[in-house]
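If you want the building blocks of each chain, they are given just below.
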Amino acid sequence: MFCEMKSSVKNYFVLFCLSVAMITQMGCETTGSGGDGVVDASATDAPPISTTTDTTYRPGAQIKINFADNNGIPPTWEQTVREDGTITLPLGQTIRAADLRKGELEAAIHDLYVPRILRRLTVSVKAEEQSYFVSGEVKTPGQRMHTGAITAMRAIAAAGDFTDFAKKDQIEIFRANGEKVEVNGKKALKDPKNDRPVYPGDRVHVHRRLW
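Just so you know, these numbers come straight off a predicted model, no measurement behind them.

Student: Would you explain the overall build of the protein in this entry?
Tutor: Across its full length, the protein holds four helices and 12 strands. Pairs at least 24 residues apart make up 48% of the contacts formed inside the protein by residues separated by at least 6 positions. Just so you have it, the protein exposes about 14,100 Å², and 56% of that area is on carbon and sulfur atoms.

Right, here's the structure in full:
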């Protein structure tokens, strides 16, 4: 009788050890980076979380600049980024704003004045909401947000594409500065080199064919 009880206790102990080993192995598999379970966020091969932004100023963008800690220039200054990417600042200063991010433009303006012209200056840049318009023979004409590198063909695609009556080889871009740019959509569809950029404030118009 005593021998049978001893054997049973031994068997239970073996089963307990096997169960602990299996649980430990499963835990290792679910915390690694190669299993089907939850991936450990602290693993070295986990992709980093990006906190940067690629938003830059483009020609046509409306920019409001606030100046503080100075007595030599106006406290506020508004400019539209010109076609060549530049803006004019107080005291006859010119700087390139296109393709710069907010912090980069603020630093560039500060360094333009300090210490060459002013002893100290605090610069704050704010861009107005940027948009463009699509009109004519597109399925959903109207205003669109300008969110990056927009071209005439991308603008038309965002507006639902051409209608059945669109004259694809007669597209016009009306710039905010009054300039008009013509685009042949048929050629642009075949070769992106024939496409043209659309800047904030522009209007893309697709003409209607006669037959």
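Student: When you look at the packing of aromatic side chains in this model, what are you seeing that I'm missing?
Tutor: Within a pair of aromatic rings, the relevant descriptors are the distance that separates the centres and the angle that separates the planes. By the definition in use, this model includes one aromatic pair. Aromatic side chains Phe67 and Tyr113 sit 6.2 Å apart centroid to centroid with 70° between the ring planes, which places their arrangement in the edge-to-face category. Note that Phe67 is positioned in strand β1 (residues 62–68) and Tyr113 in helix α2 (residues 102–113), a separation of 46 residues in sequence. With a relative accessible area of 5%, Phe67 lands in the buried category. Judged by its relative accessible area of 0%, Tyr113 is buried. Between Arg208 and the ring centre of Phe165, over which it is positioned, the NZ or CZ distance is 4.4 Å.

Student: Please clarify how the sheet that holds strand β10 (residues 180–183) should be interpreted in this entry.
Tutor: Paired through their backbone hydrogen bonds, the strands of a sheet run either parallel or antiparallel. Within the open sheet, the five strands sit side by side as β7-β6-β12-β9-β10. Their pairing is mixed. Every other strand in the sheet has two partners, leaving β7 (142–145) and β10 as the edge strands with one partner each. When strand polarity is set aside, the average angle formed by the axes of neighbouring strands in this sheet is 25°. Note that strand β6 (residues 131–136) and β7 share four bridges and pair antiparallel. In the strand pairing of β7, Phe133 is matched with Gln143.

Thresholds, definitions, all that
- Residues numbered from 1 in each chain as written.
- Predicted model: local features only at pLDDT ≥ 70, side-chain atom pairs only at ≥ 80, totals over all residues.
- Heavy atoms only, no water.
- Helix = DSSP H or I, 4+ residues; strand = E, 2+ residues; numbered from the N terminus.
- Contact = heavy atoms within 4.5 Å.
- Areas by Shrake-Rupley, 256 points an atom, 1.4 Å probe, with all protein chains shown as cover.
- Phe/Tyr/Trp six-rings, centres within 6.5 Å; stacked < 30°, edge-to-face > 60°.
- Buried < 20%, exposed > 50% of the residue type's maximum accessible area, 1.4 Å probe, protein only.
- Lys NZ or Arg CZ within 6 Å of the ring centre and 35° of its normal.
- Pairing = 2+ DSSP bridges.
- Axes fitted to C-alpha atoms, helices over the stretch in contact; angles between N-to-C directions.

Just geometry here; none of it tells us what the structure is for.
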